[in-house]
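The chain contents come next:
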Amino acid sequence: MSSPSTPAKGALGVIFLIVFLDLMGAGILIPVIPYIVEPYRADALTVGILAMAFSAAQFLASPLLGLLSDRFGRRPVLLLSVLGSAAGYFLFGYGGSLAVLFAARIIDGLTGGNISAAQAYIADISEPKDRAKNFGLIGAAFGLGFILGPAMGGALSKISLSAPAYAAGVLSLVTFAVGSVLLKESLPAANRTSTKTRWHDVNPFSQIRAAFARVGFRELMLATFAMNFGMAGLQTNFAVFTHARFGLDASHNAMLFAFLGVMASLTQGLLLRKLAPTLGEGRLAVGGSLLLGLGFVVLAISSAVWMLYLCLVLTALGFGLAGPSLSGLVSRRATPREQGVLLGTMQSLASFTRVIGPVWAGASFDHIGQSAPYWTGAICAGLTMVWSLHSTRESL
C-alpha cells in the first residue's frame, strides 16, 4: 500500500475525475426517468421496478467484479464498468418500448462496479487512518456530478426526453478515454489474490452471508443495509413525490437535485475531511444517521417547497457523514487481499436495497400514502444509528 505521497494524491485526483464524470452521466437521467417511463406506464411502482432492474443486475455482478479487481487489478474493472454504462445509456436513449428501457438498465447494472472498485483503489493507496476522508472524495464527486448532471438533464429534456440519455452515453465514452490515458493500476501483483474461483466466491448471497458471519463486520453490514434501504426509496421516489404533492416538473426537480449535489460536495469534500481525523468514523456514523433520520421526517411532513430544501440539507449531511464512515470502518478491519471483496460485498448489499427499496417505496406510495416511503426511511436511519453505535461503542 502506498503512503500518502504526491503520487498517491495524484491518483486520488484521477479517481475523483473518473467518478465525477461517470456520476454526472448518471445524474443527467435522474430528472427525466419518470417522464420517459410515463408513456408506457404512469404509476410510481413501474418507476421503482425500473430502478430495481438496474440494482438487481448490479447486485448479482458486484461480487464477481470485486473478485476480479482483487485478482487482475482495479483499473480494468473501472474501465469495463464505464463502457457498460455507455452501452446502457445509448440503448436507453434509443428506447421504443418498456422492454428496451429495462434491458438498458440491466446492461448498465451488470457492469456497474465502478464505486466498489474506486473504493478499493482508494484503500490501496491510502493509510487506514485516511480512508474514511478519502472515501469522502467519491461522495464529493457524486455531489458535483449531481450538481451538473440533473441541470444538464433538465436543460436537454427541452430538446427531447432521449437527449439526456445520449448525452450520458457520450459522457461515459469521455470518461473511458480519460481513464485509459491517466489511470494507473493501484494493486501490486504481490497483493493480488490467486486462489481458484468457486461459485461460492461469486454468489452475492454467499458473500453477504460470509460477511455477516464475521463478528467485526456483521453490525456494519446491517447498518449499511438499513441506511441504503431508506435512501433507495428517496432517490427513486423523490421526483414522483414532488410532482404529486407540489406539481413540480422535470426542470424544478433538476434544481432540487443540483442543490442536493452542492450539499453532498460540501459535506464529503470539505466537512468530512475536517471532521474524520478528530471525531473518527464511529462518531460520524452515529451522528450522520441521526441527521439522516431528521431529514426523512422533514420530507414526510413537508407542506411547502422550502421544506424540500431543508430535507436535502439534512439528508446530504447525514448520508455524507455516515456512508463513507461505514466504508472506512469496514476497510480498516479488512486485510489488503480482501479490500475488493468486502467493499464489493458492501456495494452488493447496497445494490440489494436498491432492488427492494424502490419497490417498497413505489408500492407504499401508491397504496399507503405519499409520506410512507419517508417514514420508512426515518425508521431505517434509527436502526443505522443503533447498529453503528453498538459496533463502534468501544472506540467512541
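Up top you'll find the structure we're talking about.
Only a predicted model underlies this, so the values are computations on that prediction, with no experimental measurement involved.

With that settled, the discussion passes to the overall build of the chain. Along its length, the chain carries 15 helices and 0 strands. In terms of C-alpha radius of gyration, the chain reaches 19 Å, essentially the compact-globule figure of 21 Å for 396 residues. Its C-alpha atoms give the chain principal-axis dimensions of about 55 × 45 × 40 Å. Taking all 396 residues of the chain together, the buried fraction comes to 59%. Across the chain, the fraction of contacts at a sequence separation of at least 24, relative to all contacts at a separation of at least 6, is 85%. Accessible surface, the chain: about 15000 Å² in total, of which carbon and sulfur atoms supply 70%.

Inspection of every chain in the model, using the stated rule, returns 6 aromatic pairs. With a centroid separation of 5.1 Å and an interplanar angle of 75°, the aromatic rings of Phe-241 and Tyr-374 are classed as edge-to-face. Placement of the pair is Phe-241 in helix 11 (residues 215-246) and Tyr-374 in helix 15 (residues 372-392), with a sequence separation of 133 residues. On the basis of relative accessible area, Tyr-374 is assigned to the buried category, the value being 0%. Ring centres of Phe-259 and Tyr-309 lie 5.1 Å apart, and the angle between their planes is 75°; on these two criteria the pair is classed as edge-to-face. Of this pair, Phe-259 sits in helix 12 (residues 250-300) while Tyr-309 is found in helix 13 (residues 305-333), placing the two residues 50 residues apart along the sequence. Among the aromatic residues, those joined into a ring-pair cluster are Phe-225, Phe-229 and Phe-352.

On the surface, a nonpolar cluster with roughly 250 Å² of combined accessible area is contributed by Leu-17, Val-181 and Leu-182. Relative to the helices and strands, Leu-17 resides in helix 1 (residues 6-29). Owing to a relative accessible area of 30%, Leu-17 belongs among the partly exposed residues under this scheme.

A word on the pattern of salt bridges. Any two side chains of opposite charge can pair if their charged atoms end up close together. Within the structure shown, the criterion is met by 4 salt bridges. Of the charged contacts, one joins Arg-74 and Asp-70 as a salt bridge, the two residues approaching to 2.8 Å between their closest N and O atoms. With respect to burial, Arg-74 and Asp-70 carry one shared label: buried. With a shortest N-O distance of 2.8 Å, Arg-74 and Asp-124 are connected by a salt bridge. Of the two residues, Arg-74 is situated in helix 4 (residues 74-94) and Asp-124 in helix 6 (residues 114-125); the sequence distance between them amounts to 50 residues. Arg-74 gets classed as buried once you look at its relative accessible area, which sits at 0%. Note on Asp-124: relative accessible area 7%, which makes it buried.

Right, let's talk about helix 15 for a bit. A rise of 1.5 Å per residue sets the reference length of helix 15, with its 21 residues, at 30 Å; its end C-alpha atoms lie 31 Å apart and thus fit the reference within 8%. Turning to helix 15, its buried residues are Ala-372, Pro-373, Tyr-374, Thr-376, Gly-377, Ala-378, Cys-380, Ala-381, Thr-384, Ser-388, Ser-391 and Thr-392. Residues of helix 15 that are buried in the fold lie against helix 11, helix 12, helix 13 and helix 14 (339-367).

The next point concerns the packing of helix 11 against helix 13. Following both chains from N to C, one finds helix 11 and helix 13 inclined at 155°, their axes separated by 10 Å at the closest point. As the angle between them shows, helix 11 and helix 13 are arranged roughly antiparallel. Crossing angle aside, the handedness with which helix 11 passes helix 13 is left-handed. Per-class residue counts for the contact of helix 11 with helix 13 are 17 nonpolar, 6 polar and 1 charged.

Quick look at the environment of Val-341 now. Relative to the helices and strands, Val-341 is located in helix 14. For the pair Val-341 and Ala-120, spaced 221 residues apart in the sequence, the C-alpha separation amounts to 8.8 Å. Beyond its immediate chain neighbours, meaning those up to four positions away, Val-341 contacts Gly-66, Asp-70 and Gln-207.

Structurally, the position occupied by Ala-132 is in helix 7 (residues 131-156). Among the residues examined, Ala-132 registers a relative accessible area of 3% and is labelled buried. C-alpha separation for the pair Ala-132 and Arg-273, spaced 141 residues apart in sequence, amounts to 8.2 Å. Residues in contact with Ala-132, not counting those within four places in the same chain, are Leu-272, Glu-281, Pro-324 and Gly-328.

Here we come to the side chain of Ser-364. For Ser-364, the position within the fold is in helix 14. Dropping the residues within four chain positions of it, Ser-364 is found in contact with Gly-369, Ala-372 and Pro-373.

Let us look at the environment of Phe-217. Relative to the helices and strands, Phe-217 is located in helix 11. The spacing of Phe-217 and Arg-333 is 116 residues in sequence and 7.9 Å in space, taken between C-alpha atoms. Residues contacting Phe-217, with those up to four places away along its chain left out, are Ala-211, Val-330, Arg-333, Ala-334 and Leu-342.

Two cysteines, two sulfur atoms, one covalent bond between them: this is a disulfide. Within the structure shown, the criterion is met by 0 disulfides. In this model Cys-311 remains outside any disulfide bridge; the closest cysteine sulfur is found in Cys-380, 15 Å from its own.

With 73 residues, the main nonpolar core has Ile-15, Val-19 and Leu-299 as its most contacted residues. In this structure Leu-299 touches Leu-234, Phe-238, Phe-241, Arg-245, Leu-308, Cys-311 and Tyr-374, once residues within four positions along its chain are discounted. With 15 residues, the next largest nonpolar core counts Val-37, Val-47, Phe-92 and Ala-104 among its residues.

Calculation notes
- Residues numbered from 1 in each chain as written.
- Predicted model: local features only at pLDDT ≥ 70, side-chain atom pairs only at ≥ 80, totals over all residues.
- Heavy atoms only, no water.
- Helix = DSSP H or I, 4+ residues; strand = E, 2+ residues; numbered from the N terminus.
- Rg over C-alpha atoms; globule rule 2.2 N^0.38 Å.
- Buried < 20%, exposed > 50% of the residue type's maximum accessible area, 1.4 Å probe, protein only.
- Contact = heavy atoms within 4.5 Å.
- Areas by Shrake-Rupley, 256 points an atom, 1.4 Å probe, with all protein chains shown as cover.
- Phe/Tyr/Trp six-rings, centres within 6.5 Å; stacked < 30°, edge-to-face > 60°.
- Patch = residues over 30% accessible without salt bridge, like charges linked within 9 Å, V, L, I, M, F, W, Y side chains within 5 Å.
- Salt bridge = Lys/Arg side-chain N within 4 Å of Asp/Glu carboxyl O.
- Expected span 1.5 Å × (residues − 1).
- Axes fitted to C-alpha atoms, helices over the stretch in contact; angles between N-to-C directions.
- Parallel < 35°, antiparallel > 145°, perpendicular 65-115°, else oblique.
- Left-handed = near helix turned anticlockwise from the far one by under 90°.
- Nonpolar A, V, L, I, M, F, W, Y, C, P; charged D, E, K, R; others polar.
- Disulfide = S-S within 2.5 Å.
- Core = buried A, V, L, I, M, F, W, Y, C linked by side-chain atoms within 4.5 Å.

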